[in-house]
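Here's the letter readout for the chains.
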There are 2 protein chains.
Amino acid sequence: MGEPNQHDLSSTDDVRTDAPLAHAKYVTFDEPLRLERGGNLPEVRCCYETWGTLDQDASNAILVCHAVSGDSHAARHAPDDQPGWWDGLIGPGLPIDTDRFFVVCPNVLGGCRGSTGPGDTDPTSTDAKPYGASFPRITIGDIVEVQKRLADHLGITKWRAIVGGSLGGHQALQWVNRYPDSTHTCVAIATSPRLNSQSLGFDVIARNAIQTDPHFAGGQYYDQPQRPDTGLAIARMLGHITYLSVEAMEAKFDPDRHDPRQIASQFEQRFSIGSYLAHQGQKFTTRFDANSYVTLSMAMDLFDLGGTRLKLMETFDEATCDFLVVSFSSDWLFPPAQSRDIVNALTALDKRVTYAEITTNAGHDAFLIAKDIATYGPLIRERLRETETHPAVATQNTLGVDEESILNIIPAGSSVLDLGCGNGDLLAAIRDRHVTPGHRLMGVEVAQGNILATAMRGIDVIDYDLNDGLPAFIDNQFDYVILNATLQAVQNVVELLNEMLRVGRHAIISFPNFAYRKLRDHYVTHGRSPKAPGEFDFDWYNTPNRRFPTIADVRELLEQMNVVVDQEIYWDVGEGFRIEPDNDPNLNADTAVIAFHRECQP
Amino acid sequence: MGEPNQHDLSSTDDVRTDAPLAHAKYVTFDEPLRLERGGNLPEVRCCYETWGTLDQDASNAILVCHAVSGDSHAARHAPDDQPGWWDGLIGPGLPIDTDRFFVVCPNVLGGCRGSTGPGDTDPTSTDAKPYGASFPRITIGDIVEVQKRLADHLGITKWRAIVGGSLGGHQALQWVNRYPDSTHTCVAIATSPRLNSQSLGFDVIARNAIQTDPHFAGGQYYDQPQRPDTGLAIARMLGHITYLSVEAMEAKFDPDRHDPRQIASQFEQRFSIGSYLAHQGQKFTTRFDANSYVTLSMAMDLFDLGGTRLKLMETFDEATCDFLVVSFSSDWLFPPAQSRDIVNALTALDKRVTYAEITTNAGHDAFLIAKDIATYGPLIRERLRETETHPAVATQNTLGVDEESILNIIPAGSSVLDLGCGNGDLLAAIRDRHVTPGHRLMGVEVAQGNILATAMRGIDVIDYDLNDGLPAFIDNQFDYVILNATLQAVQNVVELLNEMLRVGRHAIISFPNFAYRKLRDHYVTHGRSPKAPGEFDFDWYNTPNRRFPTIADVRELLEQMNVVVDQEIYWDVGEGFRIEPDNDPNLNADTAVIAFHRECQP
């Protein structure tokens, strides 16, 4: 395993070993595999591991896809087993629960941990040499094809879920594109529809380093005394920097930057970061094959589900599964913006999708780190729920009067988008009152706790900032778009209202009325900044509210915006009664609910 | 020059050539150079270029320091001359005006473009071999030492300015640390007090690639048929990615990512980014020496003026020059936060410093790019002004009544910090009314236009967000800290007020009074959100104002904060008269100016 290294940041390397895979199973497919880029492989061996038991109707199978340097050993099979790279996520009682599910993790085609790869004998070679650098160029699609054969072999026609991070996420997305009905759920973590140019550039450099290593020998180094370890180590060092966030590196290496641990290495060790990288680089060469690294990184670089939203929509158009997409704030290799590209295509297609950007300092590596798994794991657990039942919903008694009013406006069976949906109370109430299968309910939130809470109720929610508008949604996508008790927090009000009218056939907003008579009294009598009801924890100098609308202000704005008001419901919540529209609500109401729509598009 | 490449993003490579330096001058220093890390160089040759004429008292000399891959040819000497790497900044009538100044640009020690470096013959070698990898380890301090000898040689005892970007910035800062009286002005661009761990990691990998190149031959490759071009090219490719921002790379390479230009190269060219990098890598090997790259990158990596504010304050304590520090928003190799580390030390030492973070998509390369030079060049021009005269200051007539009131509160000769100083009107008025040399006037701003405007008046200004407090300043650093007509825009009000009281012996705030009677009337009568005077361009839904304080609100907060009010000046600006404090200013005044201080530290 190597000596313990206090600079080990990546759990991937903490647990990896070049020991044989004790639980590996193998199947060889005799039928030649035709490759996407041309050529074929006469036969393909697939190495895989499984956990749990496949149920009678083969309905509980989960496919786990590993990343570039991973393998089939995703998790322990027993407490005293070798650690697996996703031990925090997979196991008895864990989010991917091996007591309930039959979990399958295959080594990817082109890898060097059991499945057919460049290290295998080329059957067309006259002198039984390995493929080496002649291993045909493979794609993520080819990798998925082998996994499909494995599924057929195991009697699995539809996965309960396909789950993967990084390159594993590419596989999950490719599965859904190629076999749209192949899974109930697709979980894509720390991934992208294709690499951005910067990540592509790093990969190119890494491959160059390997291929120009003096011992690369055109990839035919297997029987040579030396391997292209230097090039491979350099490639791995580069990868390591890209997996880590700047903050994480500063915290680990700055304190003793001039105090490297001395290790036996050909690499420079003047700095502590240097000896760390040298150690990581060398460790990697003992367990990974350079040709495989080239093969798999090229597959990742060729992967391209689309660079525009339209193209991505074509890609996912026929998918029938629900999606969970997770990104990490400090991941600069697969940045959150690329996950949003995927989400924007899925929402525009009206697919079921939940998206969360997890706040973390751990960079791309976060998807493997216990602390971050503890944060996003519950989202996966929720997606894998056994039945459609959900935790007891908020009863009518716990909804505010504005929420109740909104509930009463919305006809049963409407599709609803709730902007700033909080913990999902209102959406859950709508669902449970108006249960009609197939009508889309979705929330938008930006606070991590609220996103998790809403998702945990089985309601799709996406992690977007309302001040950026609603780019994820297409015109007239929802019957109702709600902005409930959120207007005061919005910076770009007109833009958001226009977006609501674009995305929804109807819009409903609710807000505290800053012209409420008691607030006027307070202001006039005491000359103090008005405080909204419910604002009493805050003062003028620290209120999170950004806007202070009055009913008259809002009505005037709506008129200027050329909308038609469908309903206006006013309350004096403090006193506990309704205010009729002809009873000067601007003076007498503390809370307003206004439903409106736009007759003709601007 | 190489074929035109539409992917050329860096002007450095557009202009570079391996042609001999037509304007190079040389001087050899016979006295051995003792090196910081031990050992010495028996003799040192310095190659340099000059522009302009040294005046009689040698007071107009400017030292320009180049970056890792640069050289002495910073600018053209004539219109038909080879381009220089900083042509946008240096020349007749340009910010570094060769009609006024005597500009000197030396090739760094350890380089390969004329000055003594690893390619030179090692005088201790019995068979006249070059130093190669045996060239002693040098530091930025050693590089500066040679430049000092050059200054002595040219008869320059004090530079008008020392200017450098990236590694050149390291040199400028080192000069000031080692020779605190050596210059009037220090300009440090896109630089840092030391590399962060991520940048250090990339450098280590780059050096590893060079030193493990099969043709490196321990650095003794000069007379060999092959050079370590592959390793050097890989190092350069890596550097290229780090110089560019992600956005810039996306814009250039995404449209034709699968359509590489075919060039003759051993490097992979599957992608357009690949052929670009291959081209850049190869071009570099024709003009730069691998040993020099190792030598200079190591010098940069060893450079460390301090990782804490205290250490940085020790570093700059004795400096007598003024400083201009410039960073670029998308520079992730030398990120803005590291420039702020420098600035925080300088402000705490009460040094004259202006700091601007230039908004740009161009990444680290921005300091060389014409468009960005056009933005920051004026800041340099201002710093190099010939006399102390400045553009006509705003006369009293153009100051608002609140500014006039503030002016009258502040005794002549006070040091003043103006938070949210706008275009510097108030500070300029203070300076011109209360001219007493040596009393510090400084502004804080966050809008680029305002920063430039204030700096152009010869007033120091730093680019900081007030919502982060005032970390740049120490306790009781200023007689007065002003927050003029800015309170409404502040999110973290209490924190900022406390910071003002920490940093200033006295604080003065001015703000529009939201309890002004006409606003109350409007609110009460019409039930509409109150609009501050001057706010008439905005409505409730798009005002940039964040806070809506009344005089009563603010007085109460100040009481809670345990401050002593020194003066209160109230105005009805609209009507044009003062409101006495006993005439219910909360009702009758539309504008308030309050001066206060805290008796004892909390």
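Numbers given for residues are sequential positions, taken from 1 along each chain in its written order. Whichever chain is written first becomes A and whichever ligand is written first becomes 1, with later ones labelled in order. Confidence filtering applies because this is a predicted model: local features only for residues at pLDDT of at least 70, side-chain atom pairs given and counted only at 80 or more, and all residues used for totals across whole chains, interfaces and linings. Excluded from the side-chain calculations are hydrogens and water; all other atoms, namely the structure's heavy atoms, are used.

You'll find chain A entered in an unreviewed UniProt entry as Homoserine O-acetyltransferase, with Rhodopirellula halodulae given as the organism. UniProt positions are given in the numbering used here, feature names are shortened, and annotations may be inferred rather than shown by experiment. UniProt, in its Sequence similarities (unreviewed entry) section for chain A, records the words "Belongs to the AB hydrolase superfamily. MetX family."

**Here's the deal with the overall build of chain A**
Broken down by element type, chain A carries 18 helices and 20 strands. Relative to the 2.2 N^0.38 estimate, which gives 25 Å for 602 residues, the radius of gyration of chain A is 28 Å and therefore close to what a compact globule would have. Projected onto the principal axes, the alpha-carbon positions of chain A cover approximately 95 × 60 × 45 Å. Here chain A holds 602 residues, and the buried ones make up 64% of them. By the convention used here, residues are in contact when the closest approach between their heavy atoms is within 4.5 Å. In chain A, of all internal contacts separated by at least 6 residues, the share reaching a separation of at least 24 is 72%. The method behind every accessible area is Shrake-Rupley, applied with a 1.4 Å probe, and residues are considered shielded solely by the protein chains displayed. As displayed, chain A offers around 21600 Å² of accessible surface, 49% of which is attributable to carbon and sulfur atoms. Of note, chain A has its 50 positive side-chain charges centred 1 Å away from the centre of its 82 negative side-chain charges. Only DSSP runs of H or I covering at least 4 residues are called helices, and only runs of E covering at least 2 are called strands; the numbering of each starts at the N terminus. To get the radius of gyration, use the C-alpha atoms; to get the globule rule, take the number of residues to the power 0.38 and multiply by 2.2 Å. Each residue is assigned to one of three classes by its accessible area relative to the maximum for its type, calculated with a 1.4 Å probe on protein chains only: buried under 20%, partly exposed between the two thresholds, exposed over 50%. Neither His nor the chain ends contribute to the count of charged residues, in which Lys and Arg are positive and Asp and Glu negative. To locate a charge, take atom NZ for lysine, CZ for arginine, CG for aspartate or CD for glutamate.

**Topic: the environment of Ala75 of chain A**
Residue and element names in this part refer to chain A. Inspection of the secondary structure puts Ala75 in the loop between strand 5 (61–65) and strand 6 (90–91). Each C-alpha atom of the pair Ala75 and Trp86 lies 5.6 Å from the other, and the pair is eleven residues apart in sequence. In contact with Ala75, not counting residues within four places along its chain, are Trp51, Asp81, Gly84, Asp87 and Ile90.

**Quick notes on the pattern of salt bridges**
Residue and element names in this part refer to chain B. We define a salt bridge as a contact between a side-chain nitrogen of Lys or Arg and a carboxyl oxygen of Asp or Glu at a distance within 4 Å. Under the definition given, this model contains 51 salt bridges over all chains. Here Asp304 and Arg194 are joined by a salt bridge, their closest N and O atoms 3.2 Å apart. In this pair, Asp304 is assigned in the loop between helix 8 (290–302) and helix 9 (309–316) and Arg194 in the loop between strand 10 (183–189) and helix 4 (197–211), connecting sequence segments 110 residues apart. For Asp304, a relative accessible area of 27% gives the class partly exposed.

**So, the state of the cysteines**
The disulfide criterion used throughout: a pair of cysteine sulfur atoms within 2.5 Å. This structure, assessed with the given rule, holds zero disulfides over all chains. For the unlinked cysteine Cys47 of chain A, the closest cysteine sulfur is that of Cys46 of chain A, found at 7.1 Å.

**Comments concerning the interface of chain A and chain B**
Tallying the contact residues gives 77 residues for chain A and 77 residues for chain B. With both chains or domains summed, chain A and chain B bury close to 6500 Å², and 58% of this area falls on carbon and sulfur atoms. Summed over both partners, buried area is the accessible surface (1.4 Å probe) that two parts give up on being assembled. It is Tyr523, Trp540 and Tyr541 of chain A in chain A that bury the most area against chain B; as a group they hold 12% of the surface buried on that side. In this structure, the connection of chain A to chain B is made through four salt bridges. For Asp553 of chain B, the salt bridge identified is with Arg528 of chain A, shortest N-O distance 2.5 Å. Side-chain atoms alone can form a polar contact between residues adjacent in sequence; in general such a contact is a pair of N or O atoms within 3.5 Å, and within protein one must be able to donate a hydrogen while the other accepts it. Scanning the region where chain A abuts chain B turns up 22 residue pairs in polar contact (both at pLDDT 80 or more). Contributions of two or more residues to the side of chain A that touches chain B are made by helix 4 (197–211), helix 5 (229–243), helix 6 (246–253), helix 7 (272–285), helix 8 (290–302), helix 15 (493–503), helix 16 (517–526) and helix 17 (551–560) of chain A. Counting residues per element, the side of chain A that touches chain B draws most heavily on helix 4 of chain A, at eleven residues. Polar here means any residue other than Ala, Val, Leu, Ile, Met, Phe, Trp, Tyr, Cys and Pro, which are nonpolar, and Asp, Glu, Lys and Arg, which are charged; Gly is therefore polar. In the side of chain A that touches chain B, the residues fall into 39 nonpolar, 21 polar and 17 charged.

**Digging into the pairing of strand 5 (residues 61–65) of chain B**
Residues and elements named next belong to chain B. Of all the five residues making up strand 5, five are buried; the element is thus mostly covered by neighbouring parts of the structure. Of the two faces of strand 5, the one holding Ala61, Leu63 and Cys65 and the one holding Ile62 and Val64 are both buried throughout. Paired strands, as defined in this entry, are two strands with at least two bridges between them according to DSSP. As defined by bridge partners, strand 5 adjoins strand 8 (residues 102–106) across three bridges and the pair is classed as parallel. When the sheet's bridge partners are listed, Ile62 is paired in strand 8 with Val103. Pairing of strand 5 with strand 9 (residues 159–165) involves four bridges; the strand directions are parallel. Counted as the bridge partner of Cys65 is Gly164 from strand 9.

**Observations regarding unusual backbone geometry**
Residue and element names in this part refer to chain A. Of note, the phi angle at Ala485 is positive, near 55°, even though the residue is not glycine. Inspection of the secondary structure assignment puts Ala485 in the loop between strand 16 (478–484) and helix 15. Residue Ala485 is classed as partly exposed on the basis of its relative accessible area of 41%.

**Digging into the domain arrangement of chain A**
Per the domain assignment, the segments making up chain A are domain 1 (22–302) and domain 2 (396–602). What fixes the domain bounds is an automatic or database domain assignment. Taking only C-alpha atoms, the centre of domain 1 of chain A and the centre of domain 2 of chain A are 47 Å apart.

**What about the relation of the copies chain A and chain B?**
When the copies are overlaid, the least-squares fit takes in C-alpha atoms only where the residue has pLDDT of at least 70 in both copies. Under the fitted operation, chain A is carried onto chain B by 0.0 Å of movement along the axis and a turn of 180°, and the coordinates agree to an RMSD of 0.1 Å. Taken together, the turn and the small shift mark the pair as related by a two-fold rotation axis. Taken as a fraction of all interface residues of chain A, those also at the interface in chain B reach 100%, which identifies the copy contact as same-surface.

**A few points about the nonpolar core**
In this structure, Trp86, Ile189 and Tyr376 of chain A together with Trp86, Ile189 and Tyr376 of chain B are the most contacted members of the largest nonpolar core, which totals 379 residues. Contacts of Trp86 of chain B, omitting those with residues within four sequence positions, involve Val64, Ala74, Val163, Gly164, Gly165, Ile189, Phe367, Leu368, Ile373 and Tyr376 of chain B. What we call a nonpolar core is a set of buried Ala, Val, Leu, Ile, Met, Phe, Trp, Tyr and Cys residues that are connected through their side-chain atoms within 4.5 Å. Counting residues in each nonpolar core, the second largest holds twelve residues, with Phe514, Ala515 and Tyr516 of chain A together with Ala515 of chain B among its members.

**Some words on the packing of aromatic side chains**
The geometry of an aromatic ring pair is captured by two quantities: the separation of the ring centres and the angle between the planes. Note on ring pairs: Phe, Tyr and Trp rings are taken, using the six-membered ring of Trp, and paired if centres are within 6.5 Å. Classes follow the plane angle, with under 30 degrees stacked, over 60 edge-to-face and the rest tilted. For the structure on display, the rule yields 39 aromatic pairs over all chains. An angle of 85° between the planes, with centres 6.1 Å apart, marks the rings of Trp86 of chain A and Phe367 of chain A as edge-to-face. Taken as a pair, Trp86 of chain A in the loop between strand 5 and strand 6 and Phe367 of chain A in the loop between strand 12 (353–358) and helix 11 (370–383) lie far apart in primary sequence, 281 residues in all. Assigned by exposure class, Trp86 of chain A and Phe367 of chain A land together as buried. Aromatic pair Phe216 of chain B and Tyr221 of chain B: ring centres 6.1 Å apart, planes at 45°, arrangement tilted. Phe216 of chain B gets classed as buried once you look at its relative accessible area, which sits at 6%. For Tyr221 of chain B, a relative accessible area of 1% puts it in the buried group. Members of the aromatic cluster, each reached through a chain of ring pairs, are Phe202 and Trp332 of chain A together with Phe202 and Trp332 of chain B. For a Lys NZ or an Arg CZ to count as sitting over a ring, it must be within 6 Å of the ring centre and within 35 degrees of the ring normal. Geometry around Tyr179 of chain A places Lys148 of chain A over its ring, the cationic atom sitting 5.1 Å from the centre.

**Structural notes on the packing of helix 4 of chain A against helix 7 (residues 272–285) of chain B**
Between N-to-C directions, angles span 0 to 180 degrees; the directions come from axes that are lines fitted to C-alpha atoms, helices contributing only their stretch in contact. At a closest axis distance of 9 Å, the pairing of helix 4 of chain A and helix 7 of chain B adopts a crossing angle of 55°. Here helix 7 of chain B runs oblique to helix 4 of chain A, going by the angle between their axes. Considering the relative orientation of helix 4 of chain A and helix 7 of chain B, their crossing is right-handed. Counting all contacts with helix 4 of chain A, which are made through Ser197, Leu200, Gly201, Val204 and Ile205 of chain A, the residues of helix 7 of chain B involved are Ile273, Gly274 and Leu277 of chain B. Of the residues assigned to the contact of helix 4 of chain A with helix 7 of chain B, the class counts are five nonpolar, three polar and no charged. Should an angle lie under 35 degrees it is considered roughly parallel, over 145 roughly antiparallel, and from 65 to 115 roughly perpendicular; all remaining angles are considered oblique. Handedness of a helix crossing follows the sense of rotation of the near helix relative to the far helix, less than a right angle counterclockwise being left-handed and clockwise being right-handed.

**Notes on the UniProt feature "active site" (unreviewed entry) in chain A**
Residues and elements named next belong to chain A. Under the local residue numbering, the UniProt record ascribes the feature "active site" (unreviewed entry) to Ser166, Asp331 and His364. Maximum C-alpha separation among the annotated residues is 10.7 Å over a sequence range of 199 residues, consistent with a single clustered spot. Here Ser166 lies in the loop between strand 9 (159–165) and helix 3 (167–178). Those residues in contact with Ser166 that sit more than four places away from it in its chain are Ala67, Ile189, Ala190, Thr191, Phe334, His364 and Phe367. Mapping His364 onto the fold places it in the loop between strand 12 and helix 11. Taking relative accessible area as the criterion, His364 reaches 2% and is therefore assigned buried. Discounting residues that sit within four places of it in the chain, His364 has contacts with Ser166, Ala190, Thr242, Tyr243, Asp331, Leu333 and Phe334. Within the structure, the side chain of His364 is placed 2.7 Å from the side chain of Asp331, a separation counted as a polar contact.

**A short note on the side chain of Ser297 of chain A**
Residue and element names in this part refer to chain A. Relative to the helices and strands, Ser297 is located in helix 8. Given the relative accessible area of 3%, Ser297 is considered buried. A distance of 3.5 Å separates the side chain of Ser297 from the backbone oxygen of Val294, its partner in a polar contact. If near-sequence neighbours (up to four positions away) are discounted, Ser297 is found in contact with Asp203 and Arg207.

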